[in-house]
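Each chain, letter by letter, is given below.
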Amino acid sequence: MEIGNIFRHLLIHNEAFVKSTEETKFLAYASHQSPYITLLTCADSRVHGHILGMDLFNKVFIVRNAGNQVAINRGSIEFALYVLNTPVMLVLGHTDCGAVKFATHACITKSKEIINLAKSFDKLIETDFSSVSREIKAEMLPLAIPIERGIPDLRKIQNEMKELAFLSQINVDYQIEKALKYFGDRVREGKLIIIGGIYDFVGAYSKQLGRILITNINGIVNPIDLQDKARAIVKRIPNYDETSEEFKVVSKLIDEKVTRIMV
Ligand SMILES: [Zn+2]
């Protein structure tokens, strides 16, 4: 889009938002915020807070960077967890992540032996990242640590879309390891739960595009333990009628969405 039009949209669309929003809504949180989710996600333009399907204002504290990395914005996350006391941290990776691709490219160009391991490498190896600045590299290359861990397992997948989703999944696991290192006291005190997920807009996990799959809870990655943990969390809801239709829906969604790409 042409710059003038982008600028024009900036003016017009915000004004439409102002006109369509009740003033009382702004006044309700004019001098304080009380979010209950800290969302750490990728800066990718295909990923946005509203995929949670909820009103985000004063509810979701969002921290974003390339590759949803904990260390880059540790201060902002710590503020949300320790000062704002959000009880849930969601580390959300996504399918077709450019930062994951960049780090994977760096790994495969380093070693000739691994190029034949995965289908996704054929296309990736041809991508030219040579003009990328030192600053971009410095921010993305820490992702090579989890990617290197995931690469040997790719030979068991052999599906381009799933391979990249798997590497994003491994990155989320790694970021949660870091989060537990920094903020684990909060988890042990029962004040925080750290959930890992992948936003799937390509159909790597199921045919339902747009789903958030839950792939990690407090570092738990074994699929059976993960589902048990998810069920235990739901069971803690006070006065939740387990014979209700809603409970059945939630149980079914746990079956379908609390899952991982296994190798
Ligand atoms: Zn990304």
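Everything that follows concerns the structure shown earlier in this document.
Computed from a predicted model, the values in this text were never measured in an experiment.

1. Some remarks on the environment of Glu-2
Note on placement: Glu-2 falls in the segment before α1 (3–20). The sequence separation of Glu-2 and Val-250 amounts to 248 residues, and the corresponding C-alpha distance is 45 Å. A polar side-chain atom of Glu-2 sits 3.1 Å from the main-chain amide nitrogen of Gly-4.

2. Observations regarding the nonpolar core
Met-89, Ile-151 and Phe-183 are the most contacted members of the largest nonpolar core, which totals 49 residues. Considering each element in turn, this core owes the most residues, 10 residues, to helix α8 (residues 160–188). With residues near it in sequence (within four places) discarded, Phe-183 still touches Val-70, Arg-74, Ile-77, Glu-78, Leu-81, Tyr-82, Met-89 and Leu-192. Judged by nonpolar contacts, the second largest core, of 19 residues, contains Leu-90, Ile-217, Val-234 and Phe-247.

3. Re the state of the cysteines
For the coordinates displayed, the defined rule picks out zero disulfides. Looking at the unpaired Cys-107, the closest cysteine sulfur is the one in Cys-97, lying at 14 Å.

4. Here we look at the environment of Val-47
Its place among the elements puts Val-47 in the loop between β1 (37–42) and β2 (60–65). Residue class for Val-47 comes out buried when judged on its relative accessible area of 1%. Residues Val-47 and Asp-200, 153 residues apart in the sequence, show an inter-C-alpha distance of 9.7 Å. Dropping the residues within four chain positions of it, Val-47 is found in contact with Thr-41, Cys-42, Arg-64, His-94, Tyr-199 and Phe-201.

5. So, the packing of aromatic side chains
Tallying each qualifying case throughout the model produces nine aromatic pairs. Between Tyr-29 and Phe-57 the ring centres are 6.2 Å apart and the planes differ by 5°, which places this aromatic pair in the stacked class. Taken as a pair, Tyr-29 in the loop between α2 (23–27) and β1 and Phe-57 in the loop between β1 and β2 lie far apart in primary sequence, 28 residues in all. Among the aromatic residues, those joined into a ring-pair cluster are Phe-17, Phe-26, Tyr-29 and Phe-57. Taking NZ or CZ as reference, Arg-74 lies 3.7 Å from the ring centre of Tyr-182, over its face. Over the ring of Tyr-82 we find Arg-186; its NZ or CZ atom is 5.0 Å from the centre of that ring.

6. Some thoughts on the side chain of Thr-95
Residue placement: Thr-95 occurs in the loop between β3 (88–94) and α4 (98–110). You can call Thr-95 buried: its relative accessible area is 0%. Ignoring anything within four residues of it in the chain, the contact list for Thr-95 reads Ala-165, Ile-198, Tyr-199, Asp-200, Phe-201, Val-202 and Ala-204.

7. Considerations on the sheet that holds β2
Strand pairing in a sheet takes place through backbone hydrogen bonds and is either antiparallel or parallel in direction. Ordered by their spatial adjacency, five strands build an open sheet running β2-β1-β3-β4-β5, and the pairing between neighbours is mixed. In this open sheet, the two strands that pair with only one neighbour each are β2 and β5 (211–217). Neighbour-to-neighbour, the strand axes of this sheet turn through a mean angle of 25°, independent of strand direction. The sheet contact formed by β3 and strand β4 (residues 193–200) spans seven bridges and is parallel. In the strand pairing of β4, His-94 is matched with Tyr-199. Those strands touched by helix α3 (residues 74–83) are β1, β2 and β3, and its axis lies near 165° from that of β2.

The rules behind these values
Residues numbered from 1 in each chain as written. Predicted model: local features only at pLDDT ≥ 70, side-chain atom pairs only at ≥ 80, totals over all residues. Heavy atoms only, no water. Helix = DSSP H or I, 4+ residues; strand = E, 2+ residues; numbered from the N terminus. Polar contact = N/O pair within 3.5 Å; in protein donor to acceptor, adjacent residues only side chain to side chain. Core = buried A, V, L, I, M, F, W, Y, C linked by side-chain atoms within 4.5 Å. Buried < 20%, exposed > 50% of the residue type's maximum accessible area, 1.4 Å probe, protein only. Contact = heavy atoms within 4.5 Å. Disulfide = S-S within 2.5 Å. Phe/Tyr/Trp six-rings, centres within 6.5 Å; stacked < 30°, edge-to-face > 60°. Lys NZ or Arg CZ within 6 Å of the ring centre and 35° of its normal. Pairing = 2+ DSSP bridges. Axes fitted to C-alpha atoms, helices over the stretch in contact; angles between N-to-C directions.

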